[in-house]
Amino acid sequence: GVAFGGLQWLCARQFGKKSMMRREKQMRRIIGGELALGRLLLMPPRHAAFQAALWVSPRVPVRMQRALDWGVTGTLEDKPVLVRLIAQHESIPVAVQQVVEAAREMRALDAQSLILCLTAPATREALTYAAGFDPPIRVISRQEMIDLAGLCSPATDEDLSRLGRRKKARSRPKDWADLILAPSRARRYFWYGMGMSALALLTGQRFYPIPAAVCLM
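As the structure is a prediction and not an experimental result, all values here were calculated from the model. (Residues numbered from 1 in each chain as written. Predicted model: local features only at pLDDT ≥ 70, side-chain atom pairs only at ≥ 80, totals over all residues. Heavy atoms only, no water.)

Attention shifts here to the pattern of salt bridges. Enumeration according to the criterion identifies 5 salt bridges in this entry. Of the charged contacts, one joins Arg142 and Glu90 as a salt bridge, the two residues approaching to 3.5 Å between their closest N and O atoms. Here the residue Arg142 occupies a position in helix α5 (residues 142–152), and Glu90 occupies one in the loop between β3 (79–86) and α3 (96–108), the gap between them amounting to 52 residues. (Salt bridge = Lys/Arg side-chain N within 4 Å of Asp/Glu carboxyl O. Helix = DSSP H or I, 4+ residues; strand = E, 2+ residues; numbered from the N terminus.)

What follows is the structure in C-alpha cells.
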C-alpha cells in the first residue's frame, strides 16, 4: 500500500510538472507573439510585410517573390498571390474600406488570391466583405498572427522580467480598476460567480452568495 501510494504521488507530481511546462510554453508563445506584433507596427513597410509573410508561411506555404510597401507577392499552388499586411493598433478595428483597397491592389498586381494579415480586430462588415469576395479573401486574424509570431519568437526570460517590473509599477487606483474591470475577464468572473452560487445552494452557507453576486455583477 505504501509503495502504491508512493507511485501515485510520483505520477501526480510528474503529470503536474509536465502540465506546468506545457502552460509555460503556451504563455511564452502568447506573450512573445503580442510583443512581436507590437514591434511590427514600428517597422518600415516592406520589412513589416516580409516579416508577416514569414510568420504566415508555416500555415500558408507561399513562395515569396517580391516585397512591396505593406505587401509581398508570390505564388500559392502555382498561382500568383498577394500577402497584404494591415498594421495598426489593436484599439482601431480594421474597416471594410481597408479590405476593399487591399482587394483593389490585388487586382492591380494581377494576383489571383489575397491573404490579409491583421494586427487589429476586423469589423463584422470587413469580414463579411472578405468572405463574399470572389475568390474569398483569406483573413489571418490578430489572434492567429499572435500564435504564428509566438511560434517563431516566444518570450524570453528578459521579456517576462520586464513585464513583471511593468506590472509592479501599477500604483494608481485607476490602473488597478482598469486591470480588474478589463472586458477579457468577464467570462472568468461569470464562471466564478456561477460556481460560488452552486456552492451556496449545495452547502447552505451564507457567505457564498455575496462574492457570487459581486462576480456576476
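In spatial order, the strands read β1-β2-β3-β4-β5; together these 5 strands make up an open sheet with mixed pairing. Edge positions in the sheet fall to β1 (63–68) and β5 (138–140), since each has one partner strand and no second. The average angle at which neighbouring strand axes cross in this sheet is 25°, direction not considered. Pairing between strand β2 (residues 71–76) and β3: 6 bridges, direction antiparallel. Of the residues in β3, the one forming a bridge with Thr73 is Leu82. (Pairing = 2+ DSSP bridges. Axes fitted to C-alpha atoms, helices over the stretch in contact; angles between N-to-C directions.)

With that settled, consider the nonpolar core. Counting residues in each nonpolar core, the largest one holds 22 residues, and the members touching the most others are Trp55, Val56, Val83, Ile115, Cys117, Ile140 and Met145. Within the residue set of this core, elements represented by two or more residues are α1 (2–40), α2 (45–56), β3, β4 (113–118) and α5. Residue contributions to this core peak at 6 residues, all from α2. Filtering out sequence-adjacent residues up to four positions away, Ile115 remains in contact with Val60, Val62, Leu76, Val81, Leu82, Val83, Arg84, Arg138 and Ile140. (Core = buried A, V, L, I, M, F, W, Y, C linked by side-chain atoms within 4.5 Å. Buried < 20%, exposed > 50% of the residue type's maximum accessible area, 1.4 Å probe, protein only. Contact = heavy atoms within 4.5 Å.)

Turning to the environment of Thr123, a few remarks are in order. Topologically, Thr123 is positioned in the loop between β4 and α4 (124–132). We classify Thr123 as partly exposed; its relative accessible area is 23%. Here the alpha-carbon distance between Thr123 and Tyr192, two residues 69 residues apart in the chain, equals 30 Å.

Remark: α2 packs on α5, axes separated minimally by 9 Å, with the N-to-C direction vectors making an angle of 85°. The orientation of α2 relative to α5 falls into the category roughly perpendicular. Taken together, the residues of α5 that come into contact with α2 (itself represented by Ala52, Trp55 and Val56) are Met145, Leu148, Ala149 and Cys152. Grouping the constituent residues of the contact of α2 with α5 by class yields 7 nonpolar, no polar and no charged. (Parallel < 35°, antiparallel > 145°, perpendicular 65-115°, else oblique. Nonpolar A, V, L, I, M, F, W, Y, C, P; charged D, E, K, R; others polar.)

All right, on to the pairing of β1 then. By the bridge criterion, 5 bridges tie β1 to β2 in an arrangement that is antiparallel. Bridged to Arg63 within β2 is Thr75. Between β1 and β2, which pair antiparallel in sequence order, lie 2 residues; one of them, Trp70, sits at a positive phi of approximately 65°.

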